Amino acid sequence: MKKNQRLNWRRVFWTFIVCIVSIIAVDCVRRQFYDTTTGSIIVNGNFKSLDISGSNITILSTDSEPDAEGSVEHLGYSQINVSRESMYTGSLCLINAGNTANGIFLSMTGLAETKNDFYILRDENMVLSIEAAGQLNKMMSDYNAATGNDNFVVYSTTQSYSGEDSIYTVSYPESITGYTVDLAIKSSSGEIIEYDGMDTESWIIDNCTKYGFIVRYPQDKESITGVSASVAHLRYVGDVHAAIMKEKNYCLEEYIDFLKSYTLDTGAFEYTLNEKTYEIYYASADMNGAETTISVPVDFNYTISGNNIDGFIITLVLAYAEEK
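Being a predicted model, the structure only gives us computed values, none of them experimental. Here the residue index of a chain counts from 1 through its sequence in written order. Given that this is a predicted model, residues contribute local features only at a pLDDT of at least 70 and side-chain atom pairs are listed and counted only at 80 or more, while totals for whole chains, interfaces and linings are drawn from all residues. Heavy atoms from the whole structure form the basis of all side-chain values; hydrogens and water molecules are not counted.

**Q** Please provide a residue-by-residue account of unusual backbone geometry, values included.
**A** Residue Asn249 is not a glycine yet carries a positive backbone phi of 55°. Each helix corresponds to a stretch of at least 4 residues labelled H or I by DSSP, and each strand to a stretch of at least 2 residues labelled E; elements are numbered beginning at the N terminus. Relative to the assigned elements, Asn249 resides in the loop between helix 6 (239-248) and helix 7 (252-259). The backbone of Glu275 shows a phi angle near 65°, a positive value even though the residue is not glycine. Inspection of the secondary structure assignment puts Glu275 in the loop between strand 11 (269-273) and strand 12 (276-284).

So, in structure tokens, the structure goes:
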């Protein structure tokens, strides 16, 4: 009887030891994941690497570093270096009397080689950015399908049109970018005449934002743009930006100023178009350095455009809306 009692005490003793060891082990594991002084979770590890091409962008270390309180700033974002010259390049560059064109705009295509059959060219040597040229083709094709007409003339793209034989007497400095198109009309008699946005041809003005184009100099914005109104001069900015500008009745000057209120710190501007959700935010440039460090998303596609003034505009696609 006494022997059995001694065996039971031994079991109790060793059970007690095992419990203590287990508690210590669990506490050690917990301390690996929690800051016991603040109660905040500390995240360790690396974000996945980004695939970015272009000599003006450098990928920095993507290690996430906790701040003084143990939280991670801009979780899900990585940092890249963008050259100062990139601030002067992109489809959202604002070029006007106060902001001259300083960038080198590449990725051009000859319209004579890439155009479709639904418009003609005044000059076979015209070039346009690849993206804008593709959207111009889509717009003219849809115009033909909607109206049965193919009477538009691309009067100018990156060229100045001046001289006695020109129907337009104004040249625009932003035409150097490859994002602008100046339109005219070929009349039934074969004469090239000025485009006034009236009659059947008004389809272009009503629908151009669907293809990423805006009327750069609207009638009611002359005091802001400093340029006389012209429906013939279209500027490519991308479909989501064109849609926002149309909805808010902004000219490009107003839109660029509007976006400065949206940063990663204050919150990006969110917009849904064609069942895609976008986030748009501004990052100021380091005006004293050769490069600027900006935060970009790890898991979403994005584009970066300079604003030709003081910073960059980042546009990212969050997700598609749920299929119905």
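**Q** How would you explain the packing of aromatic side chains if you had to name every residue and give the values?
**A** Aromatic ring pairs are defined here through the distance separating the ring centres and the angle between the ring planes. Classification of ring pairs rests on two measures: the distance between centres of Phe, Tyr or Trp rings, Trp counted by its six-membered ring, which must be within 6.5 Å, and the angle between planes, read as stacked under 30 degrees, edge-to-face over 60 and tilted in between. This model, assessed by the stated rule, comprises 16 aromatic pairs. Taken together, a centroid distance of 5.2 Å and an interplanar angle of 65° make the contact between Tyr262 and Phe269 edge-to-face. For every residue, the accessible area obtained with a 1.4 Å probe (protein chains only) is divided by the maximum for its type, and the residue is called buried under 20%, exposed over 50%, and partly exposed between those limits. Taking relative accessible area as the criterion, Tyr262 reaches 24% and is therefore assigned partly exposed. By relative accessible area, Phe269 is classed as buried at 11%. A centroid spacing of 6.3 Å and a plane angle of 20° characterise the contact between Phe269 and Tyr271, whose relative ring orientation is stacked.

**Q** Tell me about the nonpolar core, residues and numbers included.
**A** In this structure, Leu136, Ile204 and Phe213 are the most contacted members of the largest nonpolar core, which totals 33 residues. Going through the elements one at a time, strand 4 (119-121), helix 3 (130-147), strand 6 (152-156), strand 7 (180-186), helix 4 (202-207), strand 9 (213-217) and strand 10 (230-236) are the ones with two or more residues in this core. Contact criterion: two residues are considered in contact whenever any of their non-hydrogen atoms come within 4.5 Å of each other. Residues in contact with Ile204, not counting those within four places in the same chain, are Met139, Met140, Tyr143, Phe152, Leu183, Tyr195 and Leu234. Within this scheme, the nonpolar core is defined by two criteria: the residues are buried Ala, Val, Leu, Ile, Met, Phe, Trp, Tyr or Cys, and they are joined through side-chain atoms within 4.5 Å.

**Q** Explain helix 7 to me, using residue names and the numbers behind them.
**A** For helix 7, a buried count of six out of eight residues is recorded, marking the element as mostly surrounded by other parts of the structure. Here helix 7 has its buried residues at Leu252, Glu253, Tyr255, Ile256, Phe258 and Leu259.

Take it as geometry only, folks, not as evidence of what the structure does.
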